[in-house]
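# Examination of the molecular architecture
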Amino acid sequence: MEAPALEQRQSLHGSSERQQRFTSLILPNGAAAAEKNPMAAADYCPSDNDNDIDELTSTRTASPTTTDFSSSSDDNSTTLETSVNYSHSSNTNTNTSCPPSPITTTKTSSSLISKPSYPLPPPSTRLTTILPTDLKTPDHLIPRDPRLIRLTGSHPFNVEPPLTALFEHGFLTPQNLHYVRNHGPVPTSVDDSLLNWEFTVEGLVEHPLTISVRELMDASKWDNVTYPVTLVCAGNRRKEQNVLRKSKGFSWGAGGLSTALWTGVGLSEILAKAKPLTKKGARYVCFEGADQLPNGTYGTSVKLAWAMDPHKGIMVAHKMNGEELHPDHGRPVRVVVPGQIGGRSVKWLKRIVVTKGPSENWYHVFDNRVLPTTVGPEESGEKTEEMERVWRDERYAIYDLNVNSVICEPGHGEVVSLRGKEEGETYRLRGYAYAGGGRRVTRLEVTLDQGKSWRLAGIEYPEDRYREAQDGEELFGGRLDVSWRESCFCWCFWDLEIPLSELREAKDVCIRAMDESLALQPKEMYWSVLGMMNNPWFRVVIHHEGDTLRFEHPTQPMLTSDGWMDRVKKEGGNLANGFWGEKVPGAEENVVKQGPVKEISMVDDKVTRLITLEELRQHDGEEEPWFVVNGQVYDGTPFLEGHPGGAASITGAAGQDVTDEFLAIHSENAKAMMPTYHIGTLTPSALAALKSSSTSDPALSDPSRPIFLQSKTWNSAILTSKESVSPDTKIFHFTLSHPAQSIGLPVGQHLMMRLPDPAKPTESIIRAYTPISDGTSERGTLRVLVKIYYASPTEDIKGGQMTQALDALAVGKAVEFKGPVGKFVYQGRGVCSVNGRERKVKRFVMICGGSGVTPIYQVLRAVAVDEQDGTECLVLDGNRVEGDILMKRELDELVERVKPEGRCRVKYTLSRPGEEWTGLRGRLDKTMLEREVGERDLREETMVLLCGPEGMQNMVREVLKGLGWKDEDVLVF
């Protein structure tokens with residue numbers, strides 16, 4: 001067979017007879033060397049600056065490129081060459097309304113080819129480093145971009161790019177930043193070459209086909225085409241639904257979409273050659289991949305009429321942005337279905353089957369559907385005939401995308417200063433929009449008064465620039481197939497200039513889009529059990545903080561509680577009341593009541609083992625610790641290293657009934673994990689005996705004991721005084737059992753505090769605190785600094801349950817304590833331990849905000865009071881106003897006693913400083929962290945300690961990750 005044109009252009013190491021037969025993952029070029037030593041490549045230190053990333057990755061190649069699929073028989077190395085196989089006009093059309101999409105020029109031997117009038121892909125980044133997160137997963141040979149946000153832990157790989165990075169790249173997304181939805185491990189291949197990968201066309205067809213990738217790329221056999229397509233996960237923006245009410249899906253943010261130039265063969269051409277038997281009832285086309293999953297291979301279907309229609313543009317693709325497909329994107333061949341949800345675009349294609357009815361594949365029937373909102377998580381899992389009919393009802397299946405839009409600028413947490421702004425200055429709002437089924441977004445509207453009035457934004461359609469290409473023009477080995485087609489397959493960009501004076505008066509900014517069918521984004525969310533197709537107005541809240549405006553998006557991806565929706569929910573607001581959880585005068589009667597949320601099951605129904613008290617007592621130590629919640633027994637051994645509170649949190653519960661503290665502290669997500677660790681039920685007699693005995697060792701409660709805190713026993717201390725240090729913060733002084741009794745709290749650890757709930761006397765409130773007392777040397781007393789979150793009836797704020805109860809507690813009353821807990825301990829002189837593993841540190845960078853200063857103060861004090869401790873310390877303490885800074889005098893005194901001067905420093909920054917403030921100004925944001933902390937230096941033994949509000953923690957971790965700091969170098973208290 002004559003080699004196709006593409007293969008002739010490749011730089012081959014030898015003939016196919018010389019190629020090694022190998023069994024490998026479907027890897028991109030450059031990964032073979034990493035397979036031998038995954039960590040041999042230089043560390044990949046991500047940065048928001050593309051130039052920084054280019055310098056730190058092994059290779060950067062200009063687009064367009066073609067790559068060699070084959071492997072050398074000598075060293076398994078691979079090559080990547082730049083080739084030119086397209087022509088274009090010299091006319092350049094640059095529009096500043098849409099984000100930049102880099103356009104490259106390519107030199108030939110005699111001339112410089114002019115820039116095309118349409119966007120080309122951003123220069124690709126070849127990744128060769130296997131991330132530590134992936135090393136222990138089935139995907140341990142696949143290099144990936146560390147900037148991608150993981151939504152389902154380390155495996156399977158489900159990620160979206162940071163919204164800012166996605167938007168800044170412009171119309172086309174680099175392959176390494178494209179969102180990924182994997183249901184399981186990336187499949188493997190045993191072919192001599194991936195060009196030999198085959199898929200079949202079968203079922204109700206007159207001429208069944210078997211097509212290899214080599215044949216698919218052969219221009220003499222198939223018409224290869226290239227055009228841009230935006231793929232969107234059906235779960236895009238699902239996090240918003242999950243905050244309102246938990247769905248069965250994981251929490252996508254607003255970055256679950258990406259755009260690429262795809263090259264391949266139209267499915268209509270392939271089916272035309274196979275000739276579907278429509279007279280015998282052929283109505284659907286089913287796709288099946290090669291991935292092996294718990295419920296079989298992944299598969300789905302579309303209607304035959306769509307598949308046969310060239311206007312629909314369904315493609316069998318073998319290239320993405322001019323390069324072979326990355327393993328996560330379906331290498332070597334996949335289906336691309338424009339205008340429909342990403343779940344219809346099957347990766348690692350093996351079979352195309354023409355059928356009478358829709359696919360019977362498990363993932364087609366029980367995924368990618370919008371069930372009626374009356375179906376909850378538990379009902380959806382019922383094994384009944386009625387529920388089976390609901391799942392199989394094709395009316396609920398999702399095909400075309402709905403219209404949607406998002407605000408990208410201002411970004412979440414962005415701050416705009418109003419100081420020194422002249423009259424008439426504006427801010428440019430920008431974002432993206434898309435529609436489905438080939439429909440064009442025709443309108444984008446913006447409101448600053450929650451829908452009372454609207455204004456039109458400008459819209460830019462970069463996809464239209466490909467329609468201007470010359471007839472017959474080729475790109476990446478395929479004919480540009482856009483000019484004749486009226487369908488819109490891609491996202492568009494919108495922008496609107498808003499006077500700063502109007503933003504100053506607004507509470508929020510909301511947007512909505514409309515497509516050419518006049519479908520309009522709704523104001524309200526339609527919740528469904530799978531959390532798909534979420535498209536209500538996108539709303540960004542504006543916080544007025546002195547002479548600055550701070551913008552807050554609804555949510556952030558993953559499990560982080562950051563965004564106005566989480567904040568409103570925590571403050572007691574009803575997100576389903578039609579006003580985004582705000583209390584609106586006179587609207588109480590119109591509140592939409594949310595249905596009751598059923599309790600999460602914490603047991604494995606298949607576990608029937610009965611456990612005696614004697615068996616439980618055999619596991620009350622540090623090895624194989626068992627504990628009891630609601631009469632059920634759980635084995636904490638698998639989670640000793642991974643528990644956020646450290647192994648002590650589990651070993652301290654060993655052999656105990658910890659129902660109260662577990663239910664009071666742990667999240668719904670933690671509760672949902674419990675069936676994994678469930679090993680049996682405590683016998684009734686054992687449970688009664690356990691509840692009647694306060695402790696297995698009476699000595700642990702002996703008042704004369706030398707150490708107050710005990711990990712398995714609650715012990716009381718008497719509240720003796722309250723000292724106000726700010727309008728909302730107090731130091732609570734407690735007296736221990738006797739004057740010589742030490743607290744027993746290592747530096748960096750926390751204690752648990754328990755109080756009766758004033759509203760429910762039979763229940764307890766439990767929270768973790770870090771005292772300001774020296775837990776190793778102070779005797780007889782315990783001091784705890786607490787910021788009190790007061791209720792505000794006029795603003796419908798409930799306040800902090802524990803802090804208000806503690807503030808209301810009368811002097812002379814007892815409070816119960818237990819501990820220590822925590823995964824970090826500072827042992828002194830640069831030695832610390834994390835989860836029991838010792839580590840040497842030469843420098844601490846400690847970042848805190850508000851009452852998060854307490855563990856930071858503990859560590860700084862331990863360094864400062866020991867003259868032999870030479871550890872360097874930098875503390876960054878962020879607050880709103882000067883009066884909010886806690887323990888400033890104590891921190892400054894510690895710094896003054898450290899010698900030599902400058903070894904330990906504390907820097908305070910205020911987001912709303914007064915005119916006389918001489919410290920740092922601004923929030924603890926990316927700019928400040930880049931300036932004060934900087935990139936990770938491999939030569940330094942530095943550790944970052946972080947404590948503060950969850951939103952601040954998430955932001956700091958994301959910025960530090962972009963500066964090259966590894967997860968093991970950043971510890972969150």
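Bear in mind the structure is a predicted one, so any value in this text is a computation, not a measurement.

A word on the overall build of the protein chain. On a plain count of helices and strands, the protein chain comes out with 23 helices and 50 strands. Per-residue burial for the protein chain yields a buried fraction of 55% across its 973 residues. Restricting to contacts in the protein chain with at least 6 residues of sequence separation, those with at least 24 account for 73%. Summed over all atoms, the accessible surface of the protein chain reaches about 41,300 Å², with 50% contributed by carbon and sulfur.

Here we come to the pairing of strand E44 (residues 837-840). Looking at chain direction, strand E43 (residues 831-834) and E44 are connected through four bridges and run antiparallel. Its bridge partner lying in E44, Val834 is registered against Arg837.

The pairing of strands in a sheet comes from backbone hydrogen bonds and takes either a parallel or an antiparallel form. Read from one edge to the other, the open sheet built from four strands follows the order E20-E22-E28-E25, with strand pairing classed as antiparallel. With partners counted over all chains shown, the strands left at the sheet margins are strand E20 (404-409) and strand E25 (458-460), one partner each. Ignoring strand direction, the axes of neighbouring strands in this sheet form an average angle of 30°. The sheet contact formed by E25 and strand E28 (residues 492-499) spans three bridges and is antiparallel. Across the sheet, residue Ile459 finds its bridge partner in E28, namely Trp494.

Moving on to the packing of aromatic side chains. The full count for this structure, using the stated rule, is 23 aromatic pairs. Ring centres of Phe734 and Phe817 lie 5.1 Å apart, and the angle between their planes is 80°; on these two criteria the pair is classed as edge-to-face. Residue Phe734 is found in strand E37 (residues 729-735), and its partner Phe817 is found in strand E41 (residues 814-821); the two are separated by 83 residues along the sequence. Among the residues examined, Phe734 registers a relative accessible area of 1% and is labelled buried. A residue is classified by how much of its surface remains accessible, and Phe817, at 1% relative accessible area, is buried.

What follows is about the pattern of salt bridges. The full count for this structure, using the stated rule, is 50 salt bridges. Across the salt bridge formed by Glu288 and Arg351, the nearest N and O atoms sit 3.1 Å from each other. Highlighted residues: Glu288 in strand E14 (residues 284-293) and Arg351 in strand E19 (residues 349-355), separated in sequence by 63 residues. A network of salt bridges, in which partner residues are shared, links Asp134, Asp139, Arg144, Arg150 and Asp328.

Okay, the side chain of Thr729 next. As for its placement among the helices and strands, Thr729 is situated in strand E37. Within the local environment of Thr729, its side chain forms a polar contact with the side chain of Ser726, the two groups lying 3.1 Å apart. What Thr729 contacts, discounting residues up to four positions off in sequence, is Glu723, Ser724, Leu785, Val786, Lys787 and Leu886.

Glancing now at the nonpolar core. With 96 residues, the main nonpolar core has Trp262, Tyr432, Val446 and Leu503 as its most contacted residues. Each of domain 1 (188-394) and domain 2 (402-569) accounts for three or more of the residues forming this core. Within the second largest apolar cluster, 41 residues are counted, among which are Phe199, Met217, Ile270 and Ala397.

Here the protein chain shows a mean pLDDT of 82. Residues at 70 or above account for 81%. Within the model, the stretch residues 101-113 combines pLDDT values under 50 with 34 contacts to residues more than four positions away or in other chains. Taken together, the stretch residues 587-597 has pLDDT below 50 and engages in twelve contacts with residues farther than four places along the chain or on a different chain.

A few words now on the sheet that holds strand E10 (residues 198-203). Judged by pairing direction, the sheet is mixed, and its five strands sit side by side in the order E11-E10-E19-E14-E15 without closing on themselves. Pairing within the sheet leaves two strands with one partner each, and these edge strands are strand E11 (209-212) and strand E15 (296-303). On average, each strand axis in the sheet is inclined to that of its neighbour by 20°, with strand direction left out of account. Where E14 and E19 come together, six bridges link them in antiparallel fashion. Bridged to Gly289 within E19 is Leu349.

Bringing the environment of Asp464 into the picture now. Considering the arrangement of structural elements, one finds Asp464 in the loop between E25 and strand E26 (474-475). Overall, the relative accessible area of 22% leaves Asp464 in the partly exposed class. Spatially, the C-alpha atom of Asp464 lies 8.3 Å from that of Ser483, the residues being 19 residues apart in sequence.

Direction vectors running N to C along helix H20 (residues 853-865) and helix H21 (residues 888-897) enclose 25°, while the axes themselves pass 9 Å from each other. Judged on the interaxial angle alone, H21 and H20 are roughly parallel. Relative to H21, H20 is oriented so that their crossing is left-handed. Across from Val853, Tyr857, Leu860, Arg861, Ala864 and Val865 in H20, the residues of H21 making contact are Glu890, Leu891, Leu894 and Arg897. Among the residues forming the contact of H20 with H21, the class breakdown is seven nonpolar, no polar and three charged.

Right, let's talk about the environment of Thr373 for a bit. Mapped onto the fold, Thr373 is located in the loop between helix H9 (362-365) and helix H10 (377-380). By relative accessible area, Thr373 is classed as partly exposed at 35%. C-alpha separation for the pair Thr373 and Trp527, spaced 154 residues apart in sequence, amounts to 5.9 Å. Setting aside its immediate chain neighbours within four residues, Thr373 contacts Tyr526 and Trp527.

The subject of this paragraph is unusual backbone geometry. Note the cis peptide between Arg331 and Pro332, where omega equals 10°. Along the polypeptide, Pro332 turns up in the loop between strand E17 (323-324) and strand E18 (334-336). With an omega dihedral of 15°, the bond running from Glu409 to Pro410 counts as a cis peptide bond. Mapped onto the elements, Pro410 comes out in the loop between E20 and strand E21 (415-417). Residues other than glycine seldom take positive phi values, yet Trp348 does so here, at roughly 50°. Inspection of the secondary structure assignment puts Trp348 in the loop between E18 and E19.

Further remarks concern the environment of Gly563. Checked against the element boundaries, Gly563 lands in the loop between strand E31 (548-552) and helix H13 (564-570). By relative accessible area, which is 3% here, Gly563 ends up buried. Counting along the chain gives twelve residues from Gly563 to Phe551, while the straight-line C-alpha distance between them is 9.6 Å. Leaving out residues up to four positions away in the same chain, Gly563 has contacts with His412, Glu552, His553, Pro554 and Thr555.

Turning to its location among the elements, Arg237 is positioned in the loop between strand E12 (224-232) and helix H6 (238-244). Side chain to side chain, Arg237 and Asn404 meet in a polar contact 2.8 Å long.

This next bit is on helix H11 (residues 385-392). For H11, the set of buried residues is Met387, Val390 and Trp391. Buried positions in H11, seen along its axis, are confined to an arc of 95° and lie on one side of it. Among the exposed residues of H11, those pointing more than 90 degrees away from its buried face are Glu385 and Arg389. Buried positions along H11 lie against H9 and H10.

On to the pairing of strand E13 (residues 257-266). Across the ten residues that make up E13, a large majority, ten, are buried. Where E12 lies against E13, nine bridges are found, and the strand directions are antiparallel. Counted as the bridge partner of Val232 is Leu257 from E13. In terms of strand pairing, E13 meets strand E16 (residues 315-320) through five bridges, oriented antiparallel. Residue pairing in the sheet places Thr263 in a bridge with Lys319 of E16.

Here we come to H20. Here H20 is 13 residues long and its end C-alpha atoms lie 18 Å apart, about the 18 Å a rise of 1.5 Å per residue gives. Summarising burial for H20: twelve of the 13 residues are buried, a large majority. Of all the positions in H20, only Val853, Thr854, Pro855, Ile856, Tyr857, Gln858, Val859, Leu860, Arg861, Ala862, Val863 and Ala864 are classed as buried.

Reading the values: the criteria
- Residues numbered from 1 in each chain as written.
- Predicted model: local features only at pLDDT ≥ 70, side-chain atom pairs only at ≥ 80, totals over all residues.
- Heavy atoms only, no water.
- Helix = DSSP H or I, 4+ residues; strand = E, 2+ residues; numbered from the N terminus.
- Buried < 20%, exposed > 50% of the residue type's maximum accessible area, 1.4 Å probe, protein only.
- Contact = heavy atoms within 4.5 Å.
- Areas by Shrake-Rupley, 256 points an atom, 1.4 Å probe, with all protein chains shown as cover.
- Pairing = 2+ DSSP bridges.
- Axes fitted to C-alpha atoms, helices over the stretch in contact; angles between N-to-C directions.
- Phe/Tyr/Trp six-rings, centres within 6.5 Å; stacked < 30°, edge-to-face > 60°.
- Salt bridge = Lys/Arg side-chain N within 4 Å of Asp/Glu carboxyl O.
- Polar contact = N/O pair within 3.5 Å; in protein donor to acceptor, adjacent residues only side chain to side chain.
- Core = buried A, V, L, I, M, F, W, Y, C linked by side-chain atoms within 4.5 Å.
- Domains from an automatic or database assignment.
- pLDDT = per-residue confidence, 0-100.
- Parallel < 35°, antiparallel > 145°, perpendicular 65-115°, else oblique.
- Left-handed = near helix turned anticlockwise from the far one by under 90°.
- Nonpolar A, V, L, I, M, F, W, Y, C, P; charged D, E, K, R; others polar.
- Arc of directions from axis to C-beta.
- Expected span 1.5 Å × (residues − 1).

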